[in-house]
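# Examining the three-dimensional arrangement
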Amino acid sequence: MRFDDAYSGNVFIASSSDYDSSKAVIYGMPMDFTVSFRPGSRFGPARIREVSIGLEEYSPYLDADLADAAYFDAGDLPLPFGNAARSLDMIGEYVKGLLNDGKFPLGLGGEHLVSWPVIREMYAKYSDLAVIHIDAHADLREQYEGEPLSHSTPIRKAAEWIGGRNVYQFGIRSGTREEFEYARKHLHFYPFDVLEPLTKVLPELAGRPVYVTIDIDVLDPSAAPGTGTAEAGGITSKELLAAVHAMARSDIHIVGADVVEVAPVYDPSEQTQIVAAKLVREMLLGFVK
């Protein structure tokens, strides 16, 4: 089904109007109720779609064209504003339906907590699931100022649910001392850099189902200022695109993905949204087989 905003024409470039024949489904998770600094990422999914019109449908990196892809943009889930718990339940229910229909879920956030119910549903379908997490922040807290439903907690929840050795973190450059200690002890942890450690790790994940979650703030604020918790010292958009292409060309079995934490209000230049839209194009062409 398509939600109201998609019916109004706000869909990702070249989206099909036929859900049944589509291999992948783009869906928005417009939630920013638990952010710890600047809100606004609930407007990210819609704006990523809007700026996608500026993209070419052809990817010279992958020599592939959106015209030959089969994907459906469902629009944004109608999440109940301010109700984080119910919103997470709704996201999980929707993704479960996509998986039952054999679709590749490609989510647009929204704060990073929205990835948690998706990973939970992915693990219910794929018992040997691995998660590749690319981010500036560890997101390994158990709670934030007493609140366990926080955008600083989704990867800790995922690690405890699927097993920490099934979680691979890249690009992390911010977190508490306890988060870094937890990551080094329990996860596959590659802080600060993305492309070099990722290319070394991909062969050991060959054949496994993998969920990929990318927080746009892994990029340096000079490349992506439009995010709620910008963090200096990040990677370039060129490196992040190369990481997506490395995963696309590898032997891992990518079963779903998301791009989160785009907050358009902080980037009137639109460069953050444009980078995110290009990432989505490359994911559609590279991840969906």
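One can find the structure itself at the top, above this paragraph.
Below or above, wherever it landed, is the structure these notes cover. (Residues numbered from 1 in each chain as written. Predicted model: local features only at pLDDT ≥ 70, side-chain atom pairs only at ≥ 80, totals over all residues. Heavy atoms only, no water.)

Our next topic: the overall build of the protein chain. Helices and strands together make up the secondary structure of the protein chain, namely 9 helices and 10 strands. The C-alpha atoms of the protein chain give a radius of gyration of 17 Å, which matches the 19 Å a tight globule of 289 residues would have. Dimensions along the principal axes, computed over C-alpha positions, put the protein chain at roughly 45 × 40 × 40 Å. The proportion of buried residues among the 289 residues of the protein chain is 61%. (Helix = DSSP H or I, 4+ residues; strand = E, 2+ residues; numbered from the N terminus. Rg over C-alpha atoms; globule rule 2.2 N^0.38 Å. Buried < 20%, exposed > 50% of the residue type's maximum accessible area, 1.4 Å probe, protein only.)

What follows concerns helix α8 (residues 237-249). Here α8 is 13 residues long and its end C-alpha atoms lie 18 Å apart, about the 18 Å a rise of 1.5 Å per residue gives. When we look at burial in α8, the residues that qualify are Leu240, Leu241, Ala243, Val244, His245, Ala246, Met247 and Ala248. Check the buried side of α8 and you find it contacts β6 (130-134), α7 (195-201), β9 (209-215), β10 (253-260) and α9 (271-287). (Expected span 1.5 Å × (residues − 1). Contact = heavy atoms within 4.5 Å.)

Attention shifts here to the packing of α8 against α9. Put simply, α8 and α9 touch, their axes get as near as 9 Å, and they point 15 degrees apart. With respect to each other, α8 and α9 are oriented roughly parallel. Considering how the two elements wind past one another, α8 and α9 form a crossing that is right-handed. Each of Ser237, Leu240, Leu241, Val244, His245, Met247 and Ala248 in α8 lies in contact with α9, whose residues at this interface are Val275, Lys278, Leu279, Glu282, Met283, Gly286 and Phe287. Within the contact of α8 with α9, the residues separate by chemical class into 9 nonpolar, 3 polar and 2 charged. (Axes fitted to C-alpha atoms, helices over the stretch in contact; angles between N-to-C directions. Parallel < 35°, antiparallel > 145°, perpendicular 65-115°, else oblique. Left-handed = near helix turned anticlockwise from the far one by under 90°. Nonpolar A, V, L, I, M, F, W, Y, C, P; charged D, E, K, R; others polar.)

Moving on, we come to the pattern of salt bridges. Enumeration over the complete set of coordinates arrives at 10 salt bridges. Measuring nitrogen to oxygen at the nearest pair gives 2.8 Å for the salt bridge that ties glutamate 282 to arginine 281. The class of arginine 281 is buried, set by a relative accessible area of 4%. Beyond isolated ion pairs, a larger network of salt bridges with shared partners links Arg47, Glu50 and Glu270. (Salt bridge = Lys/Arg side-chain N within 4 Å of Asp/Glu carboxyl O.)

As a further point, take the pairing of strand β1 (residues 24-29). With 6 of 6 residues buried, β1 lies mostly within the body of the structure. Burial along β1 is two-sided: the residues Ala24, Ile26 and Gly28 and Val25, Tyr27 and Met29 are all buried. Note: β1 against strand β4 (residues 71-76), 4 bridges, orientation parallel. Looking at the pairing, glycine 28 lines up with aspartate 76 of β4. Here β1 runs beside strand β5 (residues 104-109); their pairing, made up of 6 bridges, is parallel. Counted as the bridge partner of valine 25 is proline 105 from β5. (Pairing = 2+ DSSP bridges.)

Here we take up helix α3 (residues 84-100). The terminal C-alpha atoms of α3 lie 24 Å apart, and with 17 residues this matches the ideal 24 Å at 1.5 Å per residue to within 8%. Buried within α3 we find Ala84, Ser87, Leu88, Met90, Ile91, Gly92, Tyr94, Val95, Leu98 and Leu99. Where α3 is buried, its residues touch β1, β4, β5 and α4 (115-125). Of the residues one or two after α3, glycine 102 is the one with positive phi, at around 75 degrees.

This brings us to the sheet that holds β1. Reading across from one edge, β4-β1-β5-β10-β9-β6-β7-β8 is the order of the 8 strands in this open sheet, with parallel pairing throughout. The strands lining the two open edges of the sheet, one partner per strand, are β4 and β8 (188-190). Across the sheet, the axes of successive neighbouring strands diverge by a mean angle of 15 degrees, strand direction being ignored. As paired elements, β6 and strand β7 (residues 167-170) share 4 bridges and run parallel to each other. For valine 131, the partnering residue across the bridge sits in β7 and is valine 167. Helix α5 (residues 154-162) contacts β6, β7 and β9 of the sheet and is inclined by roughly 155 degrees relative to β7.

Soluble globular proteins tend to pack their nonpolar side chains together in the buried interior. Phe12, Ile132, Met247 and Phe287 are the most contacted members of the largest nonpolar core, which totals 55 residues. Among the elements that take part in this core, α9 stands out by supplying 9 residues, more than any other. Not counting residues up to four positions away in its chain, the partners in contact with phenylalanine 12 are Ile26, Ile48, Arg49, Ser52, Leu55, Leu66, Tyr71, Asp73, Ala277, Val280, Arg281 and Leu284. With 42 residues, the next largest nonpolar core counts Met29, Tyr94, Ala158 and Phe189 among its residues. (Core = buried A, V, L, I, M, F, W, Y, C linked by side-chain atoms within 4.5 Å.)

Here we take up the layout of surface pockets. Quantified by volume, the largest pocket comes out at close to 260 Å³. Looking at the largest pocket, it is lined by 18 residues, and the ones nearest its centre are Ser36, His137, Asp139, Ser152 and Thr229. Across the lining of the largest pocket, the residue classes break down as 2 nonpolar, 10 polar and 6 charged. Quantified by volume, the second largest pocket comes out at close to 180 Å³. What lines the second largest pocket is a set of 13 residues, among which Gly102, Lys103, Phe104, His253 and Ile254 lie closest to the centre. (1 Å grid on protein atoms, 1.4 Å probe; cavity = no way out; pocket = protein on both sides within 12 Å on 5 of 7 lines; lining within 4 Å. Points joined across faces, edges and corners; volume = space filled by probe spheres on them.)

Everything listed here is a matter of geometry and, on its own, says nothing about what the molecule does.
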